[in-house]
Amino acid sequence: MRHEYLPPQRRSRLTRRGRLALFLGTLLALGAAVLIPLFRQGEAPEKPRRLVIPEGWRAPQVYAAIDRELKIPPGSAKSAATTAALALPAEAKGNPEGYLFPATYPVTSKSTPATLLAHMVRTANEKLATRAVADGGKAHGMTPYQTATLASIIEAEAEGRADMGKVARVVHNRLAKSMPLQMDSTINYALNRSTVDTKLSDTRIDSPFNTYERQGLPPSPIDSPGLGAMAAAVAPTPGDWLFFVTVKPGDTRFSATYDEHKKHVAEFNRIRAHAGPRAGQGGAPGK
């Protein structure tokens, strides 16, 4: 057998460019699932921004805040509310007023009006379902939606949390006596305003939110109540009050008789005449 002489072959050496090509080719062979973690490993996680929804805001204010935070055209959040399939009770008839729970919500690049609104409604349902609120509402014969409606009036009328239980008692006492609630806050909601100047002509407007002429709770909440107002709605402070008026900041007077209430209203008018109009003052039912 012949044996041919073969000279020793030199081993080929990869250039730097060749080694890089081989490395990338290997990664591609392993698939895109390997590439993603390798290239994202050094990225910092997105830090959420904060969207603050204060207690007592109405739905249009919440919509506007969402539009501003997401930098989207005005009206976008309002439109989303009609198509987002929000977890609202049947009584709401698709209106999220009262269920856009006041809290601080995280906002990221993935946030949309629908996701933020859904988060708010979900939070409201959770608060209304807490044992104290749910059981208290049942004890008063109220549905969660009625609790939210009553709480929204308390949120609008009470000057501070310390007065919420007493305002709630006034509402409950009036409902028990089949008296109209006569709340200026519901008139303001009907007229899309916020003022303490409720005129006699205002109390005669044709609106389901005119609690001067119509008995019972209004057909829907009038703002976004917080947990404090919800708790007050189902656990009002014991008392026989039927009237109240905030005479001056920090001084809300509650009365069981109309004669006593008239004296407090007269003092309110005297103080206001000297100090001038003040916005944001609680209502005075029975004026």
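Note that the structure is a prediction, hence the values are computed from the model and not measured.

Give me the lowdown on the pairing of strand β3 (residues 243-248), citing residues and values where you can.
Among the 6 residues that make up β3, 5 are buried, leaving the element largely enclosed by the rest of the structure. Across 5 bridges, β3 lies against strand β4 (residues 251-255) in antiparallel orientation. The partner of V245 across the bridge, within β4, is R253. Hairpin connection of β3 to β4: 2 residues between the antiparallel strands, including G250 at a positive phi of 85 degrees.

Run through the nonpolar core, naming residues and quoting values.
Counting residues in each nonpolar core, the largest one holds 52 residues, and the members touching the most others are L51, I66, Y99, L100, L117, M120 and I154. Elements that contribute at least two residues to this core include exactly α3 (59-70), α4 (76-81), β2 (104-107), α5 (113-128), α7 (144-157), α8 (164-176) and α10 (227-234). Setting aside its immediate chain neighbours within four residues, M120 contacts L51, I53, V62, I66, Y99, L100, F101 and Y105.

Describe α7, with residues and values.
Here α7 is 14 residues long and its end C-alpha atoms lie 20 Å apart, about the 20 Å a rise of 1.5 Å per residue gives. Along α7, 11 of the 14 residues are buried, which leaves the element largely enclosed by surrounding structure. When α7 is considered as a whole, its buried residues turn out to be Y145, T147, A148, T149, L150, A151, S152, I153, I154, E155 and E157. In this fold, the buried residues of α7 make contact with α5, α6 (131-139), α8, α9 (184-190), α10 and β3.

I'd like a rundown of the packing of α7 against α10, residues and numbers included.
Between α7 and α10, whose axes approach to 8 Å, the crossing angle comes to 115 degrees. The orientation of α7 relative to α10 falls into the category roughly perpendicular. When you trace α7 past α10, the crossing you get is right-handed. Listed contacts from α10 to T147, L150, A151, I154 and E155 of α7 are A229, M230, A232, A233 and V234. Broken down by class, the residue content of the contact of α7 with α10 amounts to 8 nonpolar, 1 polar and 1 charged.

Break down the packing of aromatic side chains for me, citing the residues and quoting the values.
Inspection of every chain in the model, using the stated rule, returns 5 aromatic pairs. Geometrically, the ring pair formed by F243 and Y258 is tilted, given 5.6 Å between the ring centres and 45 degrees between the ring planes. Note that F243 is positioned in strand β3 and Y258 in helix α11 (residues 258-275), a separation of 15 residues in sequence. Members of the aromatic cluster, each reached through a chain of ring pairs, are W241, F244 and F254.

What counts and what doesn't
- Residues numbered from 1 in each chain as written.
- Predicted model: local features only at pLDDT ≥ 70, side-chain atom pairs only at ≥ 80, totals over all residues.
- Heavy atoms only, no water.
- Buried < 20%, exposed > 50% of the residue type's maximum accessible area, 1.4 Å probe, protein only.
- Helix = DSSP H or I, 4+ residues; strand = E, 2+ residues; numbered from the N terminus.
- Pairing = 2+ DSSP bridges.
- Core = buried A, V, L, I, M, F, W, Y, C linked by side-chain atoms within 4.5 Å.
- Contact = heavy atoms within 4.5 Å.
- Expected span 1.5 Å × (residues − 1).
- Axes fitted to C-alpha atoms, helices over the stretch in contact; angles between N-to-C directions.
- Parallel < 35°, antiparallel > 145°, perpendicular 65-115°, else oblique.
- Left-handed = near helix turned anticlockwise from the far one by under 90°.
- Nonpolar A, V, L, I, M, F, W, Y, C, P; charged D, E, K, R; others polar.
- Phe/Tyr/Trp six-rings, centres within 6.5 Å; stacked < 30°, edge-to-face > 60°.

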